Amino acid sequence: MEQGTQQHPDIEKVLLTEQEMRGIVEKLGEQISKDYAGKNPLIVAVLRGAFVFTADLMRTITTECEVDFMAISSYGDSVKSSGVVRIIKDLDTKIEDRDVIIAEDILDTGLTLSYLIKNLEARHPASISIAACLVKDVKGKHSAIKPKYVGAYVPDAFVVGYGLDYAEKYRNLSYVGILKPEVYS
Ligand code: 5GP
Ligand code: MG
Ligand code: MG
């Protein structure tokens, strides 16, 4: 087995295999290609977690699109959202009158996205939509944020892989899995 594909000893349970992720992302790409046909959306990848998702998603989009990157930090090395969001790297692209698609790795409390949306709206884009690779399935938890595109819902556990880290590790796993709690507790 290739590295990143076999189950890492720190993973309690694989939630979405590499193959499942491929199917999930392909579906999103199809939807986005339909919805944005004839437009030229700017995909804003939220670093670092969304870089794997964005790279795969872009290659399933069959219409014109561009990509830029924003780095924000909300968790540090902890597994709980601090509510403090910092822009570490801003966009290089002007988004005024552009259709923007925010590509986010995972939506948990919604704090990060609320902040980001407010920040980007102040730049007067033509539209903003959200493509969340994963959404934590917690009823009402992030009701203020409605992603137009959702890859998959995951349980309320700390997940890693497919770009998602714990203390910068596990991003290279090709699947999404639940991290063993003893790794961070
Ligand atoms: P939120 O602000 O919605 O609570 O979470 C924002 C960010 O925290 C996500 O974009 C992601 O980077 C990180 N995050 C939230 N839940 C998880 C998780 O289960 N695993 C990992 N690795 N990161 C998470
Ligand atoms: Mg993120
Ligand atoms: Mg992280």
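Conventions we followed
Residues numbered from 1 in each chain as written. Chains lettered and ligands numbered in written order. Predicted model: local features only at pLDDT ≥ 70, side-chain atom pairs only at ≥ 80, totals over all residues. UniProt positions renumbered as here; feature names shortened; annotations may be inferred. pLDDT = per-residue confidence, 0-100. Pairing = 2+ DSSP bridges. Helix = DSSP H or I, 4+ residues; strand = E, 2+ residues; numbered from the N terminus. Axes fitted to C-alpha atoms, helices over the stretch in contact; angles between N-to-C directions. Contact = placed C-beta atoms within 7 Å. Parallel < 35°, antiparallel > 145°, perpendicular 65-115°, else oblique. Left-handed = near helix turned anticlockwise from the far one by under 90°. Nonpolar A, V, L, I, M, F, W, Y, C, P; charged D, E, K, R; others polar.

In the nomenclature of an unreviewed UniProt entry, the protein is known as Hypoxanthine phosphoribosyltransferase of Atopobium deltae. Under the UniProt heading Cofactor (unreviewed entry), the entry covering the protein gives this text: "Mg(2+)". Quoted verbatim from the Sequence similarities (unreviewed entry) field of the UniProt record, the comment on the protein reads "Belongs to the purine/pyrimidine phosphoribosyltransferase family."

Asker: Quick question: what am I supposed to make of the confidence of the model for the protein here?
Answerer: Atomic detail in the predicted coordinates should be set aside for any region of low pLDDT. Of the residues in the protein, 89% reach a pLDDT of 70 or more, and the chain-wide mean stands at 91. The complex model carries a pTM of 0.93, and its ipTM stands at 0.96.

Asker: Mind showing me how you'd approach the sheet that holds strand β3 (residues 66-73) here?
Answerer: Sheets are built from strands that pair by backbone hydrogen bonding, the pairs being arranged parallel or antiparallel. Strand order in the open sheet formed by 6 strands is β4-β3-β2-β5-β6-β7, with mixed pairing between adjacent strands. Two strands lie at the open edges of the sheet, namely β4 (86-89) and β7 (149-154), each paired on one side alone. With strand direction ignored, the average angle separating the axes of adjacent strands in the sheet is 30°. Where strand β2 (residues 42-47) lies against β3, 6 bridges are found, and the strand directions are parallel. Bridging across to β3, Leu-42 finds its partner in Glu-66. Strands β5 (99-107), β6 (127-136) and β7 of the sheet are contacted by helix α1 (residues 18-35), whose axis makes an angle of about 155° with β7.

Asker: Can you help me understand the environment of Ser-114 in this one?
Answerer: Inspection of the secondary structure assignment puts Ser-114 in helix α3 (residues 111-121). For the pair Ser-114 and Ile-145, spaced 31 residues apart in the sequence, the C-alpha separation amounts to 7.0 Å. For Ser-114, the residues in contact, after removing those within four places along its chain, are Ala-144 and Ile-145.

Asker: Help me understand the packing of α1 against helix α2 (residues 51-58), please; the structure alone is not making it clear to me.
Answerer: Between two packed helices, what matters for the description is the angle formed by their axes and the separation of those axes. Put simply, α1 and α2 touch, their axes get as near as 9 Å, and they point 55° apart. One finds that α1 runs oblique with respect to α2. Both α1 and α2 take part in a crossing whose hand is right-handed. In contact with Val-25, Leu-28 and Gly-29 of α1, α2 contributes Phe-53, Asp-56 and Leu-57. Tallied by class, the residues present in the contact of α1 with α2 amount to 4 nonpolar, 1 polar and 1 charged.

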